[in-house]
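In case you want the letters, here they are:
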Amino acid sequence: MSSERGEQVVVDTYHTTVHTLGKENDGKRLRYMQKDGSFPVVFQKAPGDWSPYFMDIFTTLVEIRWRVMFLIFSLSYILSWIFFGLCYWLIAYIHGDVDDLDNAPCVENVRGFTGAFLYSMETQATIGYGFRGMTENCIVAIIVVTVQDVFSCLLDTIIIGIAVAKMASARKRAQTVGFSSCAVVNLRDGVMCLSWRLGDFRGNHILDGVARAMVVRYVKKSQGSIVMSYQDLDIQNRDIVLATPATIIHKLEPGSPFYSLGPDALQEEDFELVVSFTYTGDTTGMLHQTRTCYKPTDIRWSQRFQDMLKVGKKHYTVDYARFNETTWVQVPQVSAEEFHRGRRPAVGNQYHRPLFTSEKTNGHTYHVNNDITEEVMHQTSL
């Protein structure tokens, strides 16, 4: 393509494609959303204000890291063993079992703190070695061992529930459903469209989900304040059956924020295209969401995604090695508004030449505007 506008050609060896980028603008502003769907947002509050985390302690424990979870898991049992061990030792000390070996003990073979700790651990873990056991001499000791049994059941339920919830976390399943690394602009049925891919990388397919897309911008106001603006995009077929990879399409028609933007103007814009897919896992029945965003430099003009799906004798074969790969197609290097205006027939002229002709390249038919300048046509054919 022509390099008069200061564009640079980048060879993407990872996706084995060559695409043209405009001026790099990723360094101008902080991303609203990272490519992995996370948000670079930090909440500032009064120092020591931990109330939101303790009000919903279960969610807090589910969201913490595994290494912290294992630490809490271990400490919860060890501290409970120590606490009830101290209770048994205190009962033995008051009852005189520590000093008088001939005294009938409250707990057999518990004459000091070590024995009390071992009895506490054996009771809560239901080990039952048979060397130490509760007697009928102390009603207080019987009450304590009963409380410990109930507490151990409650603690096991909480710890196991949190561990299962962390393993079945929706964020883990969301990592197996992904969007393409870029979006493309090309012609579909004579209409300029912006599209991106969505695929499920696991064998147990998602049979139903809803796709959404919005354009996010932020504007700096006076005194450093920031205002976020959101604009939903109309996309075709929001309800998706994801048995095979799907291509999500947004038509560049009047009302679209990209309708008046050509390839060069698009690269000069400052926005983020935030896309998401919300679905229910077929195995767990839990609600999941996968999301990512595209900056203007992630949108490739005059390209389409390579075909992934093949029909065999018994199966449909999906080649995920081509999930992010694109190839060049002939698309006018003008905005959708200019392209749409150029397709309108001249009024009152019955003998005008056709505005569009059809060309077939690599098995695909493209509609070419005959009124586009020679320079644009030259760029399109490269």
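Residues numbered from 1 in each chain as written. Predicted model: local features only at pLDDT ≥ 70, side-chain atom pairs only at ≥ 80, totals over all residues. Heavy atoms only, no water.

Caption draft 1: A look at the packing of helix α3 (residues 66-95) against helix α4 (residues 113-124). It is at 8 Å that the axes of α3 and α4 come closest, and there the two elements cross at 125 degrees. The angle between the axes of α3 and α4 places the two elements in the oblique class. In terms of crossing hand, the pair formed by α3 and α4 is right-handed. Contacts from Y77, S80, W81, I82, F84, G85, L86, Y88 and W89 in α3 reach F113, A116, F117, Y119, S120, M121 and Q124 in α4. (Axes fitted to C-alpha atoms, helices over the stretch in contact; angles between N-to-C directions. Helix = DSSP H or I, 4+ residues; strand = E, 2+ residues; numbered from the N terminus. Parallel < 35°, antiparallel > 145°, perpendicular 65-115°, else oblique. Left-handed = near helix turned anticlockwise from the far one by under 90°. Contact = heavy atoms within 4.5 Å.)

Caption draft 2: A look at the nonpolar core. With 36 residues, the main nonpolar core has M192, L194, W196, F258, L273 and F277 as its most contacted residues. Of all hydrophobic cores here, the second largest spans 12 residues; its members include C106, A116, C138 and A141. (Core = buried A, V, L, I, M, F, W, Y, C linked by side-chain atoms within 4.5 Å. Buried < 20%, exposed > 50% of the residue type's maximum accessible area, 1.4 Å probe, protein only.)

Caption draft 3: Highlighting a nonpolar patch on the surface. Together, L71, L75, I78, L79, I82, L86, W89, L90, Y93, I94 and F113 line one region of the surface with nonpolar side chains, adding up to about 1,000 Å² of accessible area. For the nonpolar patch, the element with the most residues is α3, which contributes 10 residues. Mapped onto the elements, L86 comes out in helix α3. (Patch = residues over 30% accessible without salt bridge, like charges linked within 9 Å, V, L, I, M, F, W, Y side chains within 5 Å. Areas by Shrake-Rupley, 256 points an atom, 1.4 Å probe, with all protein chains shown as cover. Salt bridge = Lys/Arg side-chain N within 4 Å of Asp/Glu carboxyl O.)

Caption draft 4: A look at the pairing of strand β5 (residues 191-200). Taken across its 10 residues, β5 has 9 buried, putting it largely inside the fold. Note that strand β3 (residues 177-179) and β5 share 3 bridges and pair antiparallel. Across the sheet, G178 pairs through a bridge with G199, a residue of β5. As paired elements, strand β4 (residues 183-188) and β5 share 5 bridges and run antiparallel to each other. Looking across to β5, one finds that N186 is bridged to C193. If you look at the hairpin formed by β4 and β5, you'll find 2 residues sitting between the two strands, and D189 has a positive phi there, around 55 degrees. Two elements, β5 and strand β9 (residues 246-251), share 6 bridges in a ladder whose sense is antiparallel. Note that in β9 the partner of S195 across the bridge is I249. (Pairing = 2+ DSSP bridges.)

Caption draft 5: Summary view of the pattern of salt bridges. According to the stated counting rule, one finds 7 salt bridges in the structure shown. Of the charged contacts, one joins K295 and D270 as a salt bridge, the two residues approaching to 3.7 Å between their closest N and O atoms. Remark: D270 occurs in the loop between α7 (263-268) and β10 (272-280) and K295 occurs in the loop between β11 (287-294) and β12 (299-301); sequence separation between them is 25 residues. Judged by its relative accessible area of 27%, D270 is partly exposed.

Caption draft 6: Region of interest: the packing of aromatic side chains. Applying the stated rule across the entire model yields 14 aromatic pairs. When the centroid spacing of 5.7 Å and the interplanar angle of 35 degrees are considered together, the rings of W66 and F70 count as tilted. Of this pair, W66 and F70 are both found in helix α3, 4 residues apart, which corresponds to roughly one turn of the helix. The structure contains a cluster of three or more aromatic residues connected by ring pairs, namely F73, Y77 and W81. The aromatic ring of W66 is capped on one face by K166, whose charged end is 5.0 Å from the ring centroid. (Phe/Tyr/Trp six-rings, centres within 6.5 Å; stacked < 30°, edge-to-face > 60°. Lys NZ or Arg CZ within 6 Å of the ring centre and 35° of its normal.)

Caption draft 7: How the structure looks around helix α5 (residues 139-167). Compared with an ideal rise of 1.5 Å per residue, which puts 29 residues at 42 Å, α5 spans 43 Å between its outermost C-alpha atoms and is within 8% of the ideal. Buried within α5 are the following residues: A141, V144, V145, Q148, S152, L155, I159, I162 and K166. Looking at the buried residues of α5, the elements they touch are α2 (57-63), α3 and α4. (Expected span 1.5 Å × (residues − 1).)

None of the figures reported here should be taken as evidence of function without further support.
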